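# Commentary on secondary and tertiary structure
Now for the letters of each chain:
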Amino acid sequence: MKLHYTYIYVIIILLSMLIGACSVEKYIPEGEHMLTGVAVTCDDEEVMKTYRLGDYVTQQTNSKWFGARVPLKIYMLSGTDTTKRSCRFWRKLGEAPVLYDSVKSERTKNDIEQVLNNAGYMKAEVEEFKMVKGKKMNVLYNVHPKERYTIRNIHRIVEDRGLRHFIMVEDTTNSLLKTGLPFEVTALNGERNRIAAHLRNNGYYKFTKDDIRFSADTARNSTEVDVQMRVKLQQDNGRTEATEHKQYTIGTVKFLTDVTNPNEPTDSIHYKGYDFLYQENLHFRKRLLISHSLVRPDELYNDNHYRRTYTNYARLGAISFSNINLTERPGSDTLDCNIIVNHARPHSFGFDVEATNSAGDLGAALSTSYQNKNLFRGSESFTFKIRGAYEAITGLEGYDGNNYVELGAESTLGFPMLLFPYVKREWGTEHNASSEIALQYNLQNRPEFQRRVLTAAWRYRWNNTNQRVQHRFDLLEVNYVYMPWISKTFKEQYLDSLGRTNAILKYNYENLLITKMGYTYSYNSLGAREQTYGKNAYTVRFNIETSGNVLNAITRLANGKRNSAGQYTFCETAFAQYVRGDFDYSKSIRIDKNNSVAFHGAIGIAYPYGNSDQLPFEKRYFAGGANSVRGWSVRSLGPGTYNGKDKGINFLNQSGDIKLDLSLEYRAQLFWKFSGAAFVDAGNIWTIREYKDQPGGEFRFGTFWKEIALSYGIGLRMDANFFIVRFDAGMKAIDPAYTGRKHYPILHHDFDRDFAFHFAVGLPF
């Protein structure tokens, strides 16, 4: 018997022990009942769905792992003798029976009624039904929303004459309160916040939402409500006389940079209407501080500008601390502003050690990096990194060397602005824009070949003011691949041997130039920095890139040279020409606080044309692995029905021009920082053209759906606060590379062939 069958039997026995554990009733005190079920029903399904009434249930039943109360079963292994250490251990590890609590039940009813009252269902009622069987109880909350109240009349009383025309005439079209609309508390609060925000963004510095009061009056035997909104005069405290609200203007704006001791003398500079005070050295360029401040002299106070100025300074790496103080000039409507900024330590160093294991070949890598966060005193970030790696390679016969050496250096220079002609600096500040220049060199020496890669890039990033949309534009990225030496053995066996010439392999071991331009759009419904795990949210990502078009046009117009393969060359090097587009969508649906379902779909298409018959290796698609169809190991699926025979070059042949990924994952919180998942993945890759080295890999509309691979599995995740560690175990269900019995591993499985284990950092989507 194989070892894995022994593991399966052990798991089955353990599960049977848990399921067949002793009765739970002996753990329930006399007169108490274990809560085994909670449900909420409503006379109006739309109300139930809109206000998610089930979320307001205060007391839930014992937690479940994939539908089974495993923590409770573990607790039941403890026995009743709490003096035993084993008893305390199992009870600490498991979860005690949840006992019905009448106080929490009453709170549930009150919370649901309050939610509906706030939504306009002023006479909503909640009935509680208890179904008792022995020491167990199911509870049903039946909700009766009844009739919804609506707004009949709106009366606005504005005590402040300066605001009267705006609130009672100009702004009524933007009001959230309309005759005939439902009478909702959320609408009243929204109206208060809206008016207060608008006024504070137009100079009314001291106006708050508390200056707006609502009262409501209902007629007898009617569901119509008369709403009165009263805007009060300004009164700083209960002892001052009420006055009309002032519209404030910004007076002087001073920047205090690194002024730690107010008693020490400071140097000052007046520049373009701003004052700069500093001690010893001014660590920032004056224009940097001005451009990132939206609080400006002689402009009306704007609360939105005030808050966004904080955000702008927080994103600058050269600043460690910032604060904005506003001071009212006595007896005036002027606010003087002091902006305090302290510089961060500009220099930092990093050192990393890595251990590698590639197919049993052990190696190590070392890297060191230097960063300057304020290179030109404008919060420019300069990073320089050097990396070296060594790997001892075994099992390669006929080669002179037996090791792999890699050396690399990269430098990046980032600017906290959009360096693009005709784009105003203010626009870049408003959209958190940045520009980046990158240069990288990589040297690889293997027993089979030597490879050099030089990369240069110029790119931009910016986002929308709501922080949900992010943009990236690669204006130009140049990759030059140079192959100074290829082993005679490798060349004869794989590149030039008669009958074994591999076009894909040969193309990717030649000198090549890639000039890419691309754009990426990303959207997160919760915000760019928010995690969608376990929430009702979705993300969309779209990317398009193209390469070689400009060079192709230039070389054609100039009657450029062609190489032996008929490709145009630039500086005697062939260049790649292609277009590639990717679309990615994921959605998370929250079931309750411990359970959610997530869906992911992705499609990618890349098309080589003009100067290229096929894609460069770095731009091809791969399937299988921790973020793809998890029943397969990384880069081991497809294309189409292709089944590689030569494992030495399979990693190249198992690549394609089209990719489809679909995943459905059920996620459940287990205990502490651990959560589990059950998933089903589907997908594959295909080639656009038919290549003799990839038989069965071409995409065909009539048959591609028959070539979609399917896998299933379970996973374990641990949330380590700053990152998530993930373990996924997948099994093949449908394998397009085989026919007959092997085509359906779900029915005729072979554990050694069909199982894949993945370790990864971060969620799959």
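Okay, so let's go over this structure. As the structure is a prediction and not an experimental result, all values here were calculated from the model.

### Re the overall build of the chain
Summing up its helical and strand segments, the chain has 15 helices and 29 strands in all. Seen along its three principal axes, the alpha-carbon backbone of the chain occupies a region of about 95 × 85 × 55 Å. Buried residues in the chain amount to 42% of all 765 residues. A total of about 41,000 Å² of accessible surface is found on the chain, and carbon and sulfur atoms cover 54% of it.

### Structural notes on the sheet that holds strand S8 (residues 267-271)
Reading across the sheet, the five strands line up as S8-S9-S7-S11-S10 and stay open at both edges, with mixed pairing between neighbours. Each having just a single partner strand, S8 and strand S10 (319-328) make up the two edges of the open sheet. Looking at each pair of strands side by side, their axes are set apart by 20 degrees on average, direction ignored. Across nine bridges, S10 lies against strand S11 (residues 334-343) in antiparallel orientation. Each residue of the ladder has a partner; that of Asn-323, found in S11, is Ile-340. Strands strand S7 (249-257), S10 and S11 of the sheet are contacted by helix H9 (residues 303-314), whose axis makes an angle of about 160 degrees with S10.

### Overview of the sheet that holds strand S5 (residues 212-218)
The strand order S4-S6-S5 describes an open sheet built from three strands, whose pairing is mixed. Because the sheet does not close on itself, it has two edges, and the strands there are strand S4 (150-158) and S5. Each neighbouring strand pair of the sheet contributes to a mean axis angle of 20 degrees, computed without reference to strand direction. Bridge count between S5 and strand S6 (residues 224-231): seven bridges; the pairing is antiparallel. Bridge assignment links Ser-215 to a residue of S6, and that residue is Gln-228.

### A closer look at the environment of Glu-430
With respect to the element layout, Glu-430 can be found in helix H10 (residues 425-430). Sequence separation between Glu-430 and Trp-462 is 32 residues; the distance between their C-alpha atoms is 9.3 Å.

### Brief notes about the packing of aromatic side chains
As enumerated under the stated definition, the model contains 27 aromatic pairs in all. Judged by centre distance (5.8 Å) and plane angle (65 degrees), the ring pair of Tyr-27 and Tyr-75 falls under edge-to-face. Highlighted residues: Tyr-27 in the loop between helix H1 (3-19) and strand S1 (34-42) and Tyr-75 in helix H3 (residues 70-76), separated in sequence by 48 residues. By the ring-pair criterion, three or more aromatic residues cluster together here, those being Tyr-205, Tyr-248, Tyr-301, Tyr-306 and Tyr-310. The positively charged end of Arg-667 is found above the aromatic ring belonging to Phe-765, 5.0 Å away from the centroid.

### Details of the nonpolar core
Grouped together as the largest cluster of nonpolar side chains are 23 residues, with contacts concentrated most on Phe-255, Leu-289 and Ile-339. Broken down by secondary-structure element, the contributors of at least two residues to this core are S7, strand S9 (274-278), helix H8 (286-291), H9, S10 and S11. Counting residues per element, this core draws most heavily on S11, at four residues. Counting 21 residues, the second largest nonpolar core, distinct from the first, contains Cys-42, Val-57, Leu-116 and Tyr-121.

### What about the environment of Trp-458?
Locating Trp-458 in the fold gives a position in strand S17 (residues 449-463). By relative accessible area, which is 26% here, Trp-458 ends up partly exposed. Separated by 256 residues in the primary sequence, Trp-458 and Asn-202 place their C-alpha atoms 40 Å from one another. At a separation of 2.6 Å, a polar atom in the side chain of Trp-458 contacts the side chain of Tyr-460.

### Regarding a nonpolar patch on the surface
Residues Phe-599, Leu-662, Leu-664, Val-680, Tyr-712, Tyr-744, Ile-746 and Leu-747 make up a contiguous nonpolar surface patch of about 730 Å² in total accessible area. Within the element layout of this structure, Val-680 appears in strand S26 (residues 674-686). Taking the relative accessible area as the measure of exposure, Val-680 reaches 41% and is therefore partly exposed.

### Things to note about helix H13 (residues 549-557)
Listed in full, the buried residues belonging to H13 are Leu-551, Asn-552 and Thr-555. Take H13 and look down its axis: the buried residues cluster within an arc of 100 degrees, on one side only. Turned more than 90 degrees away from the buried face of H13, the exposed residues are Val-550 and Leu-557. Contacts from the buried residues of H13 go to strand S19 (512-524) and strand S21 (569-570). Looking one or two places after H13, you find Asn-559, whose phi comes out positive at around 50 degrees.

About the thresholds
- Residues numbered from 1 in each chain as written.
- Predicted model: local features only at pLDDT ≥ 70, side-chain atom pairs only at ≥ 80, totals over all residues.
- Heavy atoms only, no water.
- Helix = DSSP H or I, 4+ residues; strand = E, 2+ residues; numbered from the N terminus.
- Buried < 20%, exposed > 50% of the residue type's maximum accessible area, 1.4 Å probe, protein only.
- Areas by Shrake-Rupley, 256 points an atom, 1.4 Å probe, with all protein chains shown as cover.
- Pairing = 2+ DSSP bridges.
- Axes fitted to C-alpha atoms, helices over the stretch in contact; angles between N-to-C directions.
- Contact = heavy atoms within 4.5 Å.
- Phe/Tyr/Trp six-rings, centres within 6.5 Å; stacked < 30°, edge-to-face > 60°.
- Lys NZ or Arg CZ within 6 Å of the ring centre and 35° of its normal.
- Core = buried A, V, L, I, M, F, W, Y, C linked by side-chain atoms within 4.5 Å.
- Polar contact = N/O pair within 3.5 Å; in protein donor to acceptor, adjacent residues only side chain to side chain.
- Patch = residues over 30% accessible without salt bridge, like charges linked within 9 Å, V, L, I, M, F, W, Y side chains within 5 Å.
- Salt bridge = Lys/Arg side-chain N within 4 Å of Asp/Glu carboxyl O.
- Arc of directions from axis to C-beta.

It is worth stressing that arrangement in space is one thing and function is another; only the former is reported here.
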